[in-house]
Protein chains: 2
Amino acid sequence: MPSRKDLANAIRFLSIDAIEKSNSGHPGAPMGMADIAEVLWRNYLSHNPNNPLWMNRDRFILSNGHCAMLLYSLLHLTGYNLTIDDLKNFRKLHSKTPGHPEFQCTPSVESSTGPLGQGLANAVGIAIAEKVLSAQFNKPGYNIIDHYTYVFVGDGCLMEGISHEVCSLAGTLKLKKLIVFYDNNGISIDGNIKEWCMDNTKKRFESYGWNVIADIDGHNYKKIQIAIEQARSLKTNQPSLLICNTILAYGSPNKSGKNIAHGMPLGVTETLLTRKKLNWQFKPFYIPKEIYHQWNAKDIGNLRELKWTNKYNEYCKIFPALSDELQRRINHTLPTSWLTTIKNLLINMDDATSMSTRQASQYILEKITYILPELLGGSADLASSNLTLVSNSKPINKFLYGNYIHYGVREFGMMAISNGISLYNGFIPYTATFLVFMDYCRSAIRMASLMKIRNIMIYTHDSIGVGEDGPTHQPIEQLSSLRLIPNLSVWRPCDKIETIIAWQHAIENLHTPTSLILSRQILPTQIRNKEKIESIHYGGYILKDPLDQLPEIILIATGSEVYLAVETFNQLSSKYKIRVVSMPSIDTFEKQTQEYKNHVLPSNITLRIAIEAGSKDLWYKYIGTKGHIIGINQFGYSGSAEKLFVKFGFTVQNIIKVIEKLFKNYT
Amino acid sequence: MPSRKDLANAIRFLSIDAIEKSNSGHPGAPMGMADIAEVLWRNYLSHNPNNPLWMNRDRFILSNGHCAMLLYSLLHLTGYNLTIDDLKNFRKLHSKTPGHPEFQCTPSVESSTGPLGQGLANAVGIAIAEKVLSAQFNKPGYNIIDHYTYVFVGDGCLMEGISHEVCSLAGTLKLKKLIVFYDNNGISIDGNIKEWCMDNTKKRFESYGWNVIADIDGHNYKKIQIAIEQARSLKTNQPSLLICNTILAYGSPNKSGKNIAHGMPLGVTETLLTRKKLNWQFKPFYIPKEIYHQWNAKDIGNLRELKWTNKYNEYCKIFPALSDELQRRINHTLPTSWLTTIKNLLINMDDATSMSTRQASQYILEKITYILPELLGGSADLASSNLTLVSNSKPINKFLYGNYIHYGVREFGMMAISNGISLYNGFIPYTATFLVFMDYCRSAIRMASLMKIRNIMIYTHDSIGVGEDGPTHQPIEQLSSLRLIPNLSVWRPCDKIETIIAWQHAIENLHTPTSLILSRQILPTQIRNKEKIESIHYGGYILKDPLDQLPEIILIATGSEVYLAVETFNQLSSKYKIRVVSMPSIDTFEKQTQEYKNHVLPSNITLRIAIEAGSKDLWYKYIGTKGHIIGINQFGYSGSAEKLFVKFGFTVQNIIKVIEKLFKNYT
């Protein structure tokens, strides 16, 4: 019978061999964490390789994503649908084993990781989701949702600022079922971390209210076991950090404990020496049957799930409505009342009263929180400005079954936690901050977009309209920079009606994160017939057109600048044939047929003006060489919004001037 | 004689009155921190209101920038050139008193603050700069550089992840002369922070190796004094955190201790009640003479500076070369050998050998660190990939007088610290990470751009050329998103020669931060005559043109795609009349005369192709409606760089195909 070291060595050599074969990858961390992984995955992790999506599985997040081969080895050894050939294709184009774990690409990968610290944040989100979902659905005797979230992190994850944000929140929220293993090998890419990080990590995490178990020998299965038992049997509600002292590239005679083992293959010679040192007599990619046997978790996985399923079936019988609701949420189905609610919102809000689009958003949230209990969101300490807190909001720190998270001043942590909540299923997460501070969490927005998950971002105070707070608080380039992120949907509605449609898209698009870019200031409501309201769905549409005539100039505007275009239209309609196109969502407009796009922006009408209180440069796509862009390519100023709009040319008067000039030059 | 409370109340009421008058602002924090400010500014801060730029002044950073009126009140009261009328113009367009402190706008404002946590990071950078500069220039008996850096921070600053990154590094680097005052009022915008942050801040900062003085009554001048004395007389080399318990909006009978006092004027009634409560019998903006007198620091400031100047003059006599060098550095003058060095680099590197542009950058750094001792930079734990560590690099954690900073895995902290180093004067800072992780520090890049400070960013691994690490590590939208930031110069050189010019611009542009976007992979060196090398300075130039003929199509490329355009030119030159424009820096090209721009991109040549391994959309500006963009508007894949370039169409073959198609459609 193979020893536990042999079982851990199976991970080591699958990792080493795959990295050697691809001639690229990170052997150090998988070799260092193999013993920990062996204990966790063989003795504790509750999962089923036959069904990676089993609802009540423990979640495992590899925050040090460069440790990918460790995870792939585990998945292969325990019996997931990941063959030895898949491992041989490590880092090959379109393989199931990319360089860093990718969600939806490999079975059981719960989150795409690699950008350091974000996996840990995702895990905090998952642990929050587990806690809230269990409070919402469990019944006495029926803990349908009841599992752990385990995380592997490295030095890099803990040096990143995001680790502070999310671990502080995890401590405050008492996420007891979050258990983090810190690969304390003392080495980062530049060398011994003592040179640039002298943190007392035990003390640091205790300051967050965590249960910390320090000085665990990360190569001694008994010590690892004792630590895990202690964390799982904790009587308090603290999350646990297990500080495991490990040796990077454990087993390599000449490279262990050295930074050169982090991100490069060991090399042929060192691989041979490591085989010798660890007494691993098998050829590359060969794993003896007895080792496979000891690792295989398919039977026990089926048993675990079966036991749960029996319980769940009882639950479904006793609580049919509740279990239907749980299934609805896990399946991402919207309630039957959803479309009626949107319809009613469109009817109830379609009047002449003006409001800011952030107020409109609040009004919408006010209504939809009642029919979408899966909404779980909050703001980074700007609830009263982002208007995310509504009368039905229940903060989870007070109400376990709640729907609101006070994220504190933690934009990046918030967004990455929210990604975790979305990945968990069962929730529609939303987050909020000022648009300008979106920059703090940009990398997490990118990760949501890369993973194609539904996640809604409310970014208010969307332009120089911020006013007196000045240039540090006034977004200029942020809106355009969001539009550059692939897969991200960006909506900047011009009034309350467009805000409803934007929210509808955000909720209905299952595989798209959506940014809602909202105004601080009050905006007039445009007049539209039913057909016109429908056309908002296309992302860009004709809001105003000359009566029975073809237009000779097109004004394209978004958000708070649309009413200026409409007012210009009204003032000049007897003089020029003007079309006003409202373009709340460029990415949505781009998805329409070429025919529709030509209909809105006919190629023969080359006189065009784009009007948007932000960076100009993305508008050339629609404006061409004969048009003009009224935008801002510099930072703003502290002053009243009214004065700033005048200063930067966002007035009807200035738009008229530009139109006159364009016609003059053109003719 | 006014009491110390009266002196502090002068700050309170100037703040309250200015905020009332502008009907906008944040009264809570200035009212809460007034007593601390009174003690620090009157008893300890070594400054001279007559000369805000005195070299050896203590630096004061207001990291909670919304507390702006506290700072403006202090500047007015102590005698800086900031009149009562300036205070009355608080938050008015183009006033000297914007909503958040702005560098270069108000005397003595050392850094633009507001985005939370970044001021603290700037202060860490300033404290590093002070420490290194003093090690480089002080002589026994002549501590020419010898001052404190004081910082005010709020709860928001400490919740932000960046506070973890920079305070961990500050502890490691033992920045003893950094003294931070934490306004521990327990309230953030959403309410009592206990609901979302239960940190034990004392323990947290002790885990970073700081000296922490907790439980200071922030309204008792004696207790504040004792704490400051303790911090200043510390025998260890620890930075100090003074946790001051304060009451938000201290003195307001109905709003103190409540979040409503954070970001809104107190209102007429509450202002009256506060006057009554604090026994302040003066009309708005009126400060009695005796209070002005007690606050005025002009005489003592002159004395302080004079004392230092006398010493400095001696120093100059004894160490003329050293003091000249110090003056050169403070004045941002480059050494006389600078241009020769660049010239020699251009001569020595102008051969056919290929190298990646990151290697070229390393070679340049290797040379220029010898003639520019003011270079002070490092990488976020990617030295061996970013190639920032050269033979002359001396890490400051080992060599106090060094020129290299091991930043650890802390991108955001790194960039904001680097802003502080730049603000200090005397250094040219640089930072480095993978381009894709630039997203982590984007807000600090924006701040460098807003403040118009010289700061050099080395971003390597600049495209899908990253290869096997996969989409989490492959930048797509990053390059274009940097180009959107106002005032930021972005260079993506195509070979080692363009890399030299890019570095030259980065060093010479005093008021511009510069991003150097560099390739991981090896790139061929282009052949250029002297005139062509000169033209690189324009940011965009004609690299190849048909012999004695006007071109009929223009290929515009940057960085690693330029050689593809050149190779296409070579293959097709007998068939089509092609111009190849290399455009390493769009922002620099845009600064040229219209005549030059027309010369490079004549408006009559509408057949154009842009080639860049990144987002397409910014290129429409140059491509117009008849051209084509070979770019990437989706995320990448894990796979070899070679395969990825083929997959995304970055091959000569594909460029030829596009050219053929364009000509076919056009004719």
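First things first, this report covers the structure right here in the doc. From a predicted model like this one, the values you see are computed outputs, not experimental measurements. (Residues numbered from 1 in each chain as written. Chains lettered and ligands numbered in written order. Predicted model: local features only at pLDDT ≥ 70, side-chain atom pairs only at ≥ 80, totals over all residues. Heavy atoms only, no water.)

This part covers the overall build of chain A. If you tally the helices and strands in chain A, you get 27 helices and 20 strands. Over its C-alpha trace chain A gives a radius of gyration of 28 Å, about what one expects of a compact globule, namely 26 Å for 667 residues. Expressed along its principal axes, the backbone C-alpha trace of chain A runs to roughly 90 × 60 × 45 Å. The buried share among the 667 residues of chain A stands at 68%. For chain A, the share of sequence-separated contacts (at least 6 apart) that also reach a separation of at least 24 residues comes to 77%. (Helix = DSSP H or I, 4+ residues; strand = E, 2+ residues; numbered from the N terminus. Rg over C-alpha atoms; globule rule 2.2 N^0.38 Å. Buried < 20%, exposed > 50% of the residue type's maximum accessible area, 1.4 Å probe, protein only. Contact = heavy atoms within 4.5 Å.)

Glancing now at the interface of chain B and chain A. The interface of chain B with chain A comprises 95 residues on the first partner and 95 residues on the second. Summed over both sides, the interface between chain B and chain A buries roughly 8,200 Å², with carbon and sulfur atoms accounting for 58% of that surface. Per-residue buried area on chain B facing chain A is highest for Tyr440(B), Arg446(B) and Phe635(B); these three make up 10% of the total on that side. For the pair chain B and chain A, the interface holds 12 salt bridges. In this structure, Asp439(B) engages Arg442(A) in a salt bridge whose closest nitrogen and oxygen atoms are separated by 3.5 Å. The tally of links from chain B across to chain A stands at 52 residue pairs in polar contact (both at pLDDT 80 or more). The residue inventory of the side of chain B that touches chain A, partitioned by class, reads 32 nonpolar, 36 polar and 27 charged. (Buried area = accessible area lost by both parts, 1.4 Å probe. Salt bridge = Lys/Arg side-chain N within 4 Å of Asp/Glu carboxyl O. Polar contact = N/O pair within 3.5 Å; in protein donor to acceptor, adjacent residues only side chain to side chain. Nonpolar A, V, L, I, M, F, W, Y, C, P; charged D, E, K, R; others polar.)

In this section: the sheet that holds strand E10 (residues 404-406) of chain B. Residue and element names in this part refer to chain B. Here we have 6 strands laid out as an open sheet, ordered E10-E9-E11-E12-E14-E13, and parallel in their pairing. The open sheet has two free edges, formed respectively by E10 and strand E13 (489-491), since each of these has just one partner strand. Put simply, the sheet's adjacent strands are angled 20° from each other on average, direction ignored. Judged from the 5 bridges that link them, strand E12 (residues 455-460) and strand E14 (residues 513-517) form a sheet pairing that is parallel. (Pairing = 2+ DSSP bridges. Axes fitted to C-alpha atoms, helices over the stretch in contact; angles between N-to-C directions.)

Quick look at the side chain of Asn138(A) now. Residue and element names in this part refer to chain A. The residue Asn138 is located in the loop between helix H5 (118-137) and strand E2 (149-153) in this model. Within the structure, the side chain of Asn138 is placed 2.8 Å from the backbone oxygen of Ile145, a separation counted as a polar contact. Discounting residues that sit within four places of it in the chain, Asn138 has contacts with Leu133, Asn143, Ile144 and Ile145.

This brings us to the nonpolar core. Counting 172 residues, the largest nonpolar core has Ile128(A) and Ile128(B) as the members making the most contacts within it. When sequence neighbours within four positions are dropped, the list of residues in contact with Ile128(A) reads Leu173(A), Leu175(A), Leu376(A), Ile396(A), Ile405(A), Ile417(A) and Ile421(A). Ile554(B), Val562(B), Leu607(B) and Ala641(B) belong to the second-largest nonpolar core, a separate cluster that totals 84 residues. (Core = buried A, V, L, I, M, F, W, Y, C linked by side-chain atoms within 4.5 Å.)

The complete set of buried residues in helix H22 (residues 562-572) of chain B reads Val562(B), Leu564(B), Ala565(B), Val566(B), Thr568(B), Phe569(B) and Leu572(B). On its buried face, H22(B) is in contact with strand E16 (541-544), strand E17 (553-557), strand E18 (578-582), strand E19 (608-611) and helix H27 (652-666) of chain B.

Let's shift gears to the relation of the copies chain B and chain A. Superposition of chain B onto chain A requires a rotation of 180° combined with a translation of 0.0 Å along the rotation axis, giving an RMSD of 0.0 Å. The symmetry that links the two subunits is that of a two-fold axis. The C-alpha atom lying nearest the rotation axis in chain B is that of Gly161(B); the distance is 1.8 Å. By residue overlap, the copies meet face to face through one surface: 100% of the interface positions of chain B are interface positions in chain A. (Least-squares fit on C-alpha atoms with pLDDT ≥ 70 in both.)

As enumerated under the stated definition, the model contains 58 aromatic pairs over all chains in all. For the ring pair Trp41(B) and Phe60(B), a centre distance of 5.2 Å and an interplane angle of 80° mean the geometry is edge-to-face. Of this pair, Trp41(B) sits in helix H2 (residues 28-44) while Phe60(B) sits in strand E1 (residues 59-62), placing them 19 residues apart in sequence. Trp41(B) gets classed as buried once you look at its relative accessible area, which sits at 3%. The exposure class of Phe60(B) is buried, given its relative accessible area of 6%. An aromatic cluster is present here, built from Trp41(A), Phe60(A), Tyr148(A), Tyr150(A), Phe152(A) and Phe181(A) joined pairwise through their rings. Between Lys311(B) and the ring centre of Tyr142(B), over which it is positioned, the NZ or CZ distance is 5.0 Å. (Phe/Tyr/Trp six-rings, centres within 6.5 Å; stacked < 30°, edge-to-face > 60°. Lys NZ or Arg CZ within 6 Å of the ring centre and 35° of its normal.)

What follows deals with the sheet that holds strand E1 (residues 59-62) of chain A. Residues and elements named next belong to chain A. Here we have 5 strands laid out as an open sheet, ordered E1-E2-E3-E7-E6, and parallel in their pairing. Sheet topology places E1 and strand E6 (211-217) at the edges, where each strand pairs with a single neighbour. Taken over all neighbouring pairs, the strand axes of this sheet differ in orientation by 15° on average, direction set aside. Sheet strands touched by helix H2 (residues 28-44): E1, E2, strand E3 (178-184) and strand E7 (240-245). Its angle to E2, the strand with the most contacts, is close to 170°.

The next subject is empty space enclosed by the protein. Throughout the structure, instances matching the rule amount to 6 cavities of 30 Å³ or more. For the largest cavity, the calculated volume is near 100 Å³. The wall of the largest cavity is formed by Glu160(A), Gly161(A), Ile162(A), Glu165(A), Phe412(A), Tyr440(A), Glu160(B), Gly161(B), Ile162(B), Glu165(B), Phe412(B) and Tyr440(B). For the lining of the largest cavity, the secondary structure elements donating two or more residues are helix H7 (161-172) of chain A together with helix H7 (161-172) of chain B. A class-by-class count of the residues in the lining of the largest cavity yields 6 nonpolar, 2 polar and 4 charged. (1 Å grid on protein atoms, 1.4 Å probe; cavity = no way out; pocket = protein on both sides within 12 Å on 5 of 7 lines; lining within 4 Å. Points joined across faces, edges and corners; volume = space filled by probe spheres on them.)

Residue and element names in this part refer to chain A. Packing of helix H17 (residues 411-424) against helix H18 (residues 442-451) brings their axes to within 8 Å, and their N-to-C directions diverge by 20°. Taken as axis vectors, H17 and H18 run roughly parallel relative to one another. Both H17 and H18 take part in a crossing whose hand is left-handed. Contact with H17, carried on its side by Phe412, Met415, Ala416, Asn419 and Leu423, involves Ser443, Ala444, Ile445, Met447, Ala448 and Met451 of H18 and no other residues of that element. (Parallel < 35°, antiparallel > 145°, perpendicular 65-115°, else oblique. Left-handed = near helix turned anticlockwise from the far one by under 90°.)

The next subject is the side chain of Asn419(A). Within the secondary structure, Asn419(A) sits in helix H17. The residues contacting Asn419(A), other than those within four sequence positions of it, are Asn122(A), Ala444(A), Met447(A), Ala448(A), Met451(A), Ile453(A) and Asn455(A).

Between side chains of opposite charge, a pair can form as their charged atoms come close. With the rule as written, the count across this model stands at 60 salt bridges over all chains. A salt bridge links Arg91(B) to Asp469(A); the nearest nitrogen and oxygen atoms lie 2.7 Å apart. Of this pair, Arg91(B) sits in the loop between helix H4 (84-88) and helix H5 (118-137) while Asp469(A) sits in the loop between strand E12 (455-460) and helix H19 (478-483), placing the two residues on different chains. Asp495(B) serves as the salt-bridge partner of Arg528(B), at 2.9 Å between the closest nitrogen and oxygen. Taken together, the residues Arg528(B) in the loop between strand E15 (522-523) and helix H21 (530-535) and Asp495(B) in the loop between E13 and helix H20 (496-508) connect sequence positions 33 residues apart. You can call Asp495(B) buried: its relative accessible area is 0%. In the salt-bridge network here, residues are joined through shared partners; they are Glu590(A), Lys597(A), Lys621(A) and Asp617(B).

This brings us to the packing of H7(A) against H17(A). All names here are of chain A. The contact between H7 and H17 brings their axes to 8 Å, and the two run at 70°. Compared by their axis directions, H7 and H17 come out roughly perpendicular. Considering only the axes of H7 and H17, their crossing is right-handed. Packed against H7, whose contacting residues are Ile162, Glu165, Val166 and Leu169, the element H17 presents Glu411, Phe412, Gly413, Ala416 and Ile417 at the interface.

We now examine the environment of Gly114(B). As for its placement among the helices and strands, Gly114(B) is situated in the loop between H4 and H5. When the C-alpha atoms of Gly114(B) and Pro101(B) are compared, they prove to be 7.5 Å apart, with 13 residues separating the residues in sequence. Those residues within four positions of Gly114(B) in sequence are excluded, and the remaining contacts are His473(A), Ser63(B), Gly65(B) and His100(B).

Here the focus is the layout of surface pockets. Its boundaries defined by the atoms lining it, the largest pocket holds a volume of some 1,600 Å³. If you trace the largest pocket, you find 43 residues lining it, with Tyr620(A), Gly624(A), Thr625(A), Gly624(B) and Thr625(B) closest to the centre. Elements with a minimum of two residues in the lining of the largest pocket: helix H23 (586-590), helix H24 (594-600), helix H25 (620-623) and strand E20 (628-630) of chain A together with helix H23 (586-590), helix H24 (594-600), helix H25 (620-623) and strand E20 (628-630) of chain B.

As a further point, take the pairing of E12(A). Residue and element names in this part refer to chain A. The element E12 is largely enclosed, with a buried count of 6 among its 6 residues. Of the two faces of E12, the one lined by Asn455, Met457 and Tyr459 and the one lined by Ile456, Ile458 and Thr460 are each fully buried. In this sheet, E12 lies alongside strand E11 (residues 428-434) in parallel orientation, the contact comprising 5 bridges. If you follow Thr431 over to E12, its bridge partner there is Met457. Crossover E11 to E12 through H18 is right-handed. (Right-handed = clockwise from strand over helix to strand, strands pointing away.)

Right, let's get into the environment of Arg329(B). All names here are of chain B. Tracing the backbone shows Arg329 in helix H13 (residues 320-330). Residue classification places Arg329 among the buried positions, given a relative accessible area of 4%. Measuring from C-alpha to C-alpha, the distance between Arg329 and Asn143 comes to 17 Å, with 186 residues separating the pair along the chain. When residues no more than four places from it in sequence are discounted, the contact partners of Arg329 are Leu133, Gln136, Phe137, Pro373, Glu374, Gly426 and Phe427.

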